[in-house]
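A structural walkthrough
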Amino acid sequence: MKRIALLFLALMSVLSCCSRAPKVERLHVEGTALVNESGETVELKGMSFGWNVLWPRFYNAGAVRHVVRDWDAEVVRAAIGVEIDDDECQVQNYLKNPEFGKQSACTIVDAAIENGVYVLVDWHAHGLHTEAAVEFFTYMASKYKGVPNVIYEIWNEPSYKDHVNQIDYTWAEIKEYSEQVIAAIRAIEKDAVIIVGTPRWSQNVDDAADDPILGYDNLMYTLHFYAGTHKEWLRQKGDYAISKGLALFVTECGGMNADGQGPIDVESTDAWIEWMDENDISHIFWSISDKKETCSMLYPSAASEGPWRAEDLSPWGTFVKEKL
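1. Some remarks on the overall build of the protein chain
- Across its full length, the protein chain holds 10 helices and 12 strands.
- Out of the 324 residues belonging to the protein chain, those deemed buried represent 54%.
- A separation of at least 24 residues holds for 75% of the contacts in the protein chain among residues at least 6 apart in sequence.
- Element-wise, carbon and sulfur atoms account for 51% of the exposed surface of the protein chain, whose accessible area totals about 14,000 Å².
- Positive and negative side-chain charges in the protein chain, numbering 28 and 50 respectively, have mean positions lying 8 Å apart.

2. Digging into the nonpolar core
- Of all hydrophobic cores here, the largest spans 88 residues; its most connected members are Phe137, Tyr152 and Trp308.
- Residues contacting Phe137, with those up to four places away along its chain left out, are Val121, Trp123, Tyr152, Glu153, Ile154, Val181 and Ile185.
- Residues Val42, Tyr118, Ile195 and Met220 belong to the second largest nonpolar core, which totals 16 residues.

3. Let's talk about the environment of Trp51
- Mapped onto the elements of the fold, Trp51 is located in the loop between strand S3 (45-49) and helix H2 (61-69).
- Among all residues touching Trp51, those that are not within four sequence positions of it are Tyr59, Ala79, Gly81, Ile84, His124, His126 and Trp286.

4. Let's talk about helix H10 (residues 315-323)
- Those residues of H10 lying buried are Trp316, Gly317, Phe319 and Val320. The buried residues of H10 occupy one face: seen down the axis, they fall within an arc of 160°. Summarising the geometry of H10, the exposed residues directed more than 90 degrees from the buried face are Pro315 and Glu322.
- Considering only its buried residues, H10 is in contact with S3, strand S11 (248-254), helix H9 (266-278) and strand S12 (283-288).

5. Let's talk about the pairing of S12
- With respect to burial, S12 is a largely interior element, six of its six residues being buried.
- Here S3 runs beside S12; their pairing, made up of five bridges, is parallel. Residue pairing for S12: Phe49 is matched across the bridge by Ile288.
- With respect to chirality, the unit in which S11 leads through H9 into the neighbouring parallel S12 is right-handed.

6. Observations concerning unusual backbone geometry
- Cis geometry is adopted by the peptide bond preceding Ser287, which originates at Trp286 and carries an omega value of -5°.
- In this structure, Ser287 sits in strand S12.
- Here the amide bond leading from Gly306 into Pro307 is cis, since omega sits at 0°, within 30 degrees of zero.
- Structurally, the position occupied by Pro307 is in the loop between S12 and H10.
- Phi angles above zero are rare outside glycine, and Asp72 is one such case at about 65°.
- For Asp72, a relative accessible area of 49% puts it in the partly exposed group.
- In this structure, Ser202 is a non-glycine residue whose phi angle is positive, near 60°.
- With respect to the element layout, Ser202 can be found in helix H6 (residues 199-202).

7. As for the sheet that holds strand S6 (residues 150-153)
- Spatial ordering of the closed barrel is given by S3-S4-S5-S6-S9-S10-S11-S12, a layout of eight strands whose pairing is parallel. Across the sheet, the mean angle from the axis of one strand to that of its neighbour is 30°, orientation sign disregarded.
- Note: strand S9 (residues 194-196) against strand S10 (residues 219-226), three bridges, orientation parallel. Bridging across to S10, Ile195 finds its partner in Met220.
- Helix H3 (residues 98-114) rests against S3, strand S4 (75-81), strand S5 (118-124) and S6 of the sheet, and its axis sits at about 175° to S4.
- Across the sheet, helix H8 (residues 232-243) is in contact with S10 and S11; its angle to S10 comes to roughly 170°.

8. Focus: the packing of aromatic side chains
- Using the criterion set out here, one finds 17 aromatic pairs in the structure.
- Measuring from ring centre to ring centre gives 5.9 Å for Phe285 and Trp316, while their planes differ by 75°; the resulting arrangement is edge-to-face. On the criterion of sequence distance, the pair formed by Phe285 in strand S12 and Trp316 in helix H10 is long-range, its members being 31 residues apart. You'll find Phe285 and Trp316 in the same group, each marked buried.
- Taken together, the ring pairs connect Tyr94, Trp123, Phe136, Phe137 and Tyr152 into an aromatic cluster.
- Sitting over the face of the ring of Tyr139, Lys102 holds its NZ or CZ atom 4.8 Å from the ring centroid.

9. So, the side chain of Thr222
- If you trace the backbone, Thr222 turns up in strand S10.
- Contact partners of Thr222, with chain neighbours within four places excluded, come to Glu153, Asn156, Ile195, Val196, Gly197, Thr198, Ser202, Val205, Phe249 and Thr251.

10. Description of the side chain of Lys102
- Turning to its location among the elements, Lys102 is positioned in helix H3.
- In terms of polar contacts, Lys102 uses its side chain to reach the side chain of Glu135, at 2.7 Å.

11. Here we look at the pairing of S10
- The buried count for S10 comes to eight of eight residues, which makes it a mostly enclosed element.
- In S10, alternate side chains face the same way, and those of Leu219, Tyr221, Leu223 and Phe225 on one face and Met220, Thr222, His224 and Tyr226 on the other are all buried.
- Tracing the backbone out of S10, into H8 and back to the parallel element S11 gives a crossover that is right-handed.

Scoring rules and cut-offs
- Residues numbered from 1 in each chain as written.
- Predicted model: local features only at pLDDT ≥ 70, side-chain atom pairs only at ≥ 80, totals over all residues.
- Heavy atoms only, no water.
- Helix = DSSP H or I, 4+ residues; strand = E, 2+ residues; numbered from the N terminus.
- Buried < 20%, exposed > 50% of the residue type's maximum accessible area, 1.4 Å probe, protein only.
- Contact = heavy atoms within 4.5 Å.
- Areas by Shrake-Rupley, 256 points an atom, 1.4 Å probe, with all protein chains shown as cover.
- Lys, Arg positive; Asp, Glu negative; His and termini not counted.
- Charge placed at Lys NZ, Arg CZ, Asp CG, Glu CD.
- Core = buried A, V, L, I, M, F, W, Y, C linked by side-chain atoms within 4.5 Å.
- Arc of directions from axis to C-beta.
- Pairing = 2+ DSSP bridges.
- Right-handed = clockwise from strand over helix to strand, strands pointing away.
- Axes fitted to C-alpha atoms, helices over the stretch in contact; angles between N-to-C directions.
- Phe/Tyr/Trp six-rings, centres within 6.5 Å; stacked < 30°, edge-to-face > 60°.
- Lys NZ or Arg CZ within 6 Å of the ring centre and 35° of its normal.
- Polar contact = N/O pair within 3.5 Å; in protein donor to acceptor, adjacent residues only side chain to side chain.

What follows is the structure in C-alpha cells.
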C-alpha cells in the first residue's frame, strides 16, 4: 500500500507539472530594443482581437488557444473599447460598463498566461479619458502584478480632440496624460513594459522622439500603419524616432487602406514587414473579427472559440496566418 501511495503521489506531481501554464521571460527595453532576460533582442509577432464591444464572442480562452497553437502567435492584444457607442455595439463601452471591459481584458490575459504568450492590455480609445484610464490600469496592474506576460498599451490611437475642425491632440497633451497613467502603473508594477500612444492615430512618432518621456524605464512608443495608405514617408518617421533612441512597437497594422477597406497591398505590406524585421520591431496584425471589411480576418461562419477552417478565413486572415 505504501508503494502504491508513493506511485500515486508521483503521478499527481507529474500531472500537476504538466498542467502548469508555460512560463515566459520578463521582457525589458534596452535602448531601442525589446530584450529578454538574457539580453537577446525579441521581436514579437501576433494578432489583435477586434473591439471587445463589437466582437465579444471572440473574447474567450478557446480563441486565444487557437491563435497560439494553430497560427503561432507569440503575442495577442485585447482591444478594450472605451468610447465607441453605435448600433453595431453588442455591449456597452468601457465608460458605461467598466466591469465588462475589465472582464474582457482579464479573459484574454488569463488565456495568454495559460498558453505561454505575451498579451497587450490595450486602452482602445481615440479620446482623452485620464481618470477612467488611471482606474482601469490601476486595477489591471494590481491584478497581474509581477506577471511577465502582461504589457500595457495605455492609449491606442490619440486622434481628434475636435472632430468638427479635425484638430489633433498634441504630443504635449498625450505626454501629460501618459505620465499620469504611467505613474499609476509604476506605483504598483515596477517592471512591466508600457507602450505610449503617439499623435495623429499613433503615426507621429517623430513628435515623441523630439520630447520623450523621462524618468521611467521600459517605455515603448506606438507606431500604427495600414499599408494601402501609409508608405515610405511613415517608415521615415519611424527611422527618425529610432535614430533619436525611441523603442517602437507596432501594436496595430494592416495591409489595406487606413479605413480597413480596399484591396490588400501586398507589395507595401511586404515592405513594412521587411522594415520591421530589419529593425526588430514587434508587430501585431488587426484583427480577429468577422465584419464585412478587408481588415477582418474571419467570416461569420468562424466558430467563436475556434478552431477556424480555411473557409472561415478572409483573404487577410489567410495572409496573416501564412506570415505568422
